[in-house]
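# Residue-level structural notes
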Amino acid sequence: MSSSCCFPLMISREHFMPQRFARMKGQGVVFIASLRAAEKAGGVWLAFQDSDGNSAVQANDLVSFAQVSHIDWLSKAQIEVEFKVLHWGKVTSSKPGFSSIWVSPTLCADKIELWPNTSVQKNTAALQSALANINLQYPELQTANLEQSVQSEQVKNLCWRWLELLPLPICTKQRLLKSPSASLCIRYLGFILRQSDRFTHLAR
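The present account deals with the structure reproduced in this document.

So, how was this worked out
Residues numbered from 1 in each chain as written. Predicted model: local features only at pLDDT ≥ 70, side-chain atom pairs only at ≥ 80, totals over all residues. Heavy atoms only, no water. Disulfide = S-S within 2.5 Å. Helix = DSSP H or I, 4+ residues; strand = E, 2+ residues; numbered from the N terminus. Buried < 20%, exposed > 50% of the residue type's maximum accessible area, 1.4 Å probe, protein only. Patch = residues over 30% accessible without salt bridge, like charges linked within 9 Å, V, L, I, M, F, W, Y side chains within 5 Å. Areas by Shrake-Rupley, 256 points an atom, 1.4 Å probe, with all protein chains shown as cover. Salt bridge = Lys/Arg side-chain N within 4 Å of Asp/Glu carboxyl O. Pairing = 2+ DSSP bridges. Axes fitted to C-alpha atoms, helices over the stretch in contact; angles between N-to-C directions. Parallel < 35°, antiparallel > 145°, perpendicular 65-115°, else oblique. Contact = heavy atoms within 4.5 Å. Nonpolar A, V, L, I, M, F, W, Y, C, P; charged D, E, K, R; others polar. Phe/Tyr/Trp six-rings, centres within 6.5 Å; stacked < 30°, edge-to-face > 60°. Expected span 1.5 Å × (residues − 1). Arc of directions from axis to C-beta.

Bringing the state of the cysteines into the picture now. The final tally for this structure, using the stated rule, is one disulfide. Disulfide pairing is shown between Cys6 and Cys108; the S-S distance is 1.8 Å. Around the S-S axis, the bridge from Cys6 to Cys108 shows a dihedral of about 65° and counts as right-handed. Here Cys108 lies in strand S7 (residues 104–112) and Cys6 lies in strand S1 (residues 5–12), a separation of 102 residues in the sequence. Owing to a relative accessible area of 35%, Cys6 belongs among the partly exposed residues under this scheme. For Cys108, a relative accessible area of 18% puts it in the buried group. For the unlinked cysteine Cys5, the closest cysteine sulfur is that of Cys6, found at 7.8 Å.

Next up, the structure:
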């Protein structure tokens with residue numbers, strides 16, 4: 001994929017990370033148009049939006065690139081779609097645009113590799129243990145990963161999974177993801193666990 005690729009844009013309340021499958025539900029004309037655009041274009045940029053309505057669609061923000069793997073058009077209340085999240089992208093456009101070809105909002109971004117040289121990091125055991133406990137008590141939070149066998153062994157995937165689960169402000173997630181390595185994220189997540197009852201008790 002060449003740099004500065006413009007693809008349809010979809011906004012999500014979940015911060016979908018690469019190397020896994022992601023599921024979304026929605027309804028309405030805009031949602032359907034976005035799905036059809038993603039199918040036609042061969043992919044879509046997924047941008048995160050927090051509860052305050054802030055979206056990671058500004059220049060240099062990080063987004064995920066995904067391809068549609070399945071759409072259940074006959075879902076009862078909402079249309080369900082499954083994406084294969086492939087890689088990260090860094091937004092190059094100043095703001096989202098619009099494509100008359102796909103009849104959908106678009107975003108231009110460069111494909112990037114995040115934390116390419118991640119080595120073994122200290123203090124990950126507590127994060128891994130807490131995540132395993134949450135997955136046991138809340139199986140609905142578990143995700144279908146592209147590489148399940150190595151998910152628990154890769155530091156960056158461990159960090160990304162925690163950033164998916166924790167209701168952190170969008171600016172905090174972006175700052176942690178934009179750091180040169182996983183070290184800052186490990187320290188931050190460890191601090192959260194030490195200050196929270198989630199370190200010794202499962203999330204309520």
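That covers the picture; the talk isn't over yet.
Glancing now at a nonpolar patch on the surface. A cluster of nonpolar side chains, Ile32, Trp73 and Leu74, forms an exposed patch at the surface whose accessible area comes to about 310 Å². Take Leu74: it is sitting in the loop between strand S4 (62–72) and strand S5 (79–91).

This brings us to the pairing of S5. With seven bridges connecting them, strand S2 (residues 20–26) and S5 associate as antiparallel partners. Following the sheet pairing, Arg23 is matched in S5 by Glu82. Remark: six residues form the turn of the hairpin made by S4 and S5, two consecutive strands paired antiparallel. As paired strands, S5 and S7 are joined by four bridges and run antiparallel to one another. Bridge assignment links Lys90 to a residue of S7, and that residue is Asp110.

Put simply, helix H5 (residues 170–178) and helix H6 (residues 183–195) touch, their axes get as near as 7 Å, and they point 140° apart. Between H5 and H6, the crossing angle belongs to the class labelled oblique. Taken together, the residues of H6 that come into contact with H5 (itself represented by Thr172, Arg175 and Leu176) are Leu184, Cys185 and Tyr188. Here the residues of the contact of H5 with H6 are counted per class, giving four nonpolar, one polar and one charged.

Time to look at the environment of Gln78. Secondary-structure assignment places Gln78 in the loop between S4 and S5. Classification of Gln78 as partly exposed rests on a relative accessible area of 31%.

So, about the packing of aromatic side chains. Summed over the entire model, instances satisfying the criterion amount to six aromatic pairs. Judged by centre distance (6.4 Å) and plane angle (10°), the ring pair of Phe7 and Trp102 falls under stacked. Of this pair, Phe7 sits in strand S1 while Trp102 sits in the loop between strand S6 (97–99) and S7; the two residues are 95 residues apart in sequence, bridging distant segments of the chain. Looking at Phe7, the relative accessible area reads 13%, which means it is buried.

So, about H6. Compared with the 18 Å implied by 1.5 Å per residue over 13 residues, the 19 Å span of H6 between its first and last C-alpha is a close match. Every buried residue belonging to H6 is among Cys185, Ile186, Leu189, Gly190 and Leu193, and all of these are buried. The arc that holds the buried residues of H6, viewed along the axis, is 130°, so those residues lie on one side. Within H6, the exposed residues directed more than 90 degrees away from the buried face are Arg187, Arg194 and Gln195. Of the surrounding elements, those touching the buried residues of H6 are helix H2 (125–137), helix H4 (155–165) and H5.

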